[in-house]
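# A look at the structure
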Amino acid sequence: MGKFQQKEITEFIVSHREEFQNRLLSEAVEVAAKINDILQSGNIDLLKNAEKMVAFVVEGKDSELISFAEQEGIAWAEHALTLTLKLEWVHAIRRTVWYYLFEYDQLNTHGLNISDYRSMIYEMEKQINDGIDKFLNTFFISYSSYKDELISAQRKMVEHLSVPIIPISPHIAVLPLIGMIDVYRMDTIEEKILTDISNLKIRTLIMDLSGITDMGIEVIHHFQRVLSGISLMGCEAVITGLRAELVRKMIHLDVSFDEYASTNGTLQQTLNEYFSTASV
């Protein structure tokens, strides 16, 4: 399919824009019912974008097609539009394009011998299907990457909120830790602690572990390193609320926090001691 013919096909479809759009909407019933909502909520003009995609596919503009597919993937992910709708829409575009290629063929291929005709049809089929598949593959990768980044950012935000360092005096802060601590959360705890010690000028950080029933071996060793980092920043670490199950595991692992932190029975006991000392 030559460049001149590619341009002719695009112009043929554009010259039948209204009929093309109506047929496209009839091929994608679910999308058609939501086309105005998608335009209003995400400022995504499906009909205009379909025409642009078809032009890139028919004219073999691969770099423009890939760039457009990446933009579409981000837009659909950003506005929480479903992949089911996108698949229905793209398959409707494929069927509608083939319908108009047949119409174009009926008007413009008279006089070709059978061999040339078959060769042209094969070339057109390969280019159209390859282009649409390329669009879909790039779209899915872009969509998934954006979703993964969004989920990661949201998880990081939630994890930071689950590390509440609470100042109780100009230089003393409390960090109550609750729930399961895995390696990922331990990374967040480390980042939050070291950052807040620097920003808030914390001299004593009281870490209450009464809400932690267990830690994995790797997490325990990581926690040790965090305590070392606290010490290196000139801050005193105080651990309260160590539960029997965790202490037993530490004994069996021959692990201790004593080198970098002092321990106390309960958070309340520790707070009473610090405030009674401050008031003397």
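Residues numbered from 1 in each chain as written. Predicted model: local features only at pLDDT ≥ 70, side-chain atom pairs only at ≥ 80, totals over all residues. Heavy atoms only, no water.

Moving on: the overall build of the protein. For the protein, the count of helices and strands is 11 helices and five strands. Counting only residues that meet the buried cut, the protein has 40% of its 280 residues in that class. By sequence separation, contacts in the protein at least 24 residues apart represent 79% of the contacts at least 6 residues apart. Summing over all exposed atoms, the protein offers an accessible surface of approximately 15300 Å²; the carbon and sulfur share of this is 55%. (Helix = DSSP H or I, 4+ residues; strand = E, 2+ residues; numbered from the N terminus. Buried < 20%, exposed > 50% of the residue type's maximum accessible area, 1.4 Å probe, protein only. Contact = heavy atoms within 4.5 Å. Areas by Shrake-Rupley, 256 points an atom, 1.4 Å probe, with all protein chains shown as cover.)

On to the confidence of the model for the protein, then. With 90% of its residues at a pLDDT of 70 or more, the protein shows a mean pLDDT of 86. In the model of the protein, helix α11 (residues 267-279) stands out as the element of lowest mean pLDDT, 76, in contrast to strand β4 (residues 236-240), which has the highest, 95. (pLDDT = per-residue confidence, 0-100.)

Here we come to the packing of helix α4 (residues 46-58) against helix α5 (residues 62-78). Where α4 meets α5, the axes come as close as 9 Å, and the angle between the chain directions of the two elements is 155°. Taken together, the axes of α4 and α5 lie roughly antiparallel to each other. Both α4 and α5 take part in a crossing whose hand is left-handed. From α4, Leu-46, Asn-49, Lys-52, Met-53, Phe-56 and Val-57 reach across to α5, where they touch Glu-64, Leu-65, Phe-68, Glu-72 and Trp-76. (Axes fitted to C-alpha atoms, helices over the stretch in contact; angles between N-to-C directions. Parallel < 35°, antiparallel > 145°, perpendicular 65-115°, else oblique. Left-handed = near helix turned anticlockwise from the far one by under 90°.)

Compared with an ideal rise of 1.5 Å per residue, which puts 17 residues at 24 Å, α5 spans 24 Å between its outermost C-alpha atoms and is within 8% of the ideal. Burial in α5 covers these residues: Leu-65, Phe-68, Ala-69, Glu-72, Gly-73, Ala-75, Trp-76 and Ala-77. Note on α5: the residue one or two positions beyond its end, Ala-80, has a positive phi of about 55°. (Expected span 1.5 Å × (residues − 1).)

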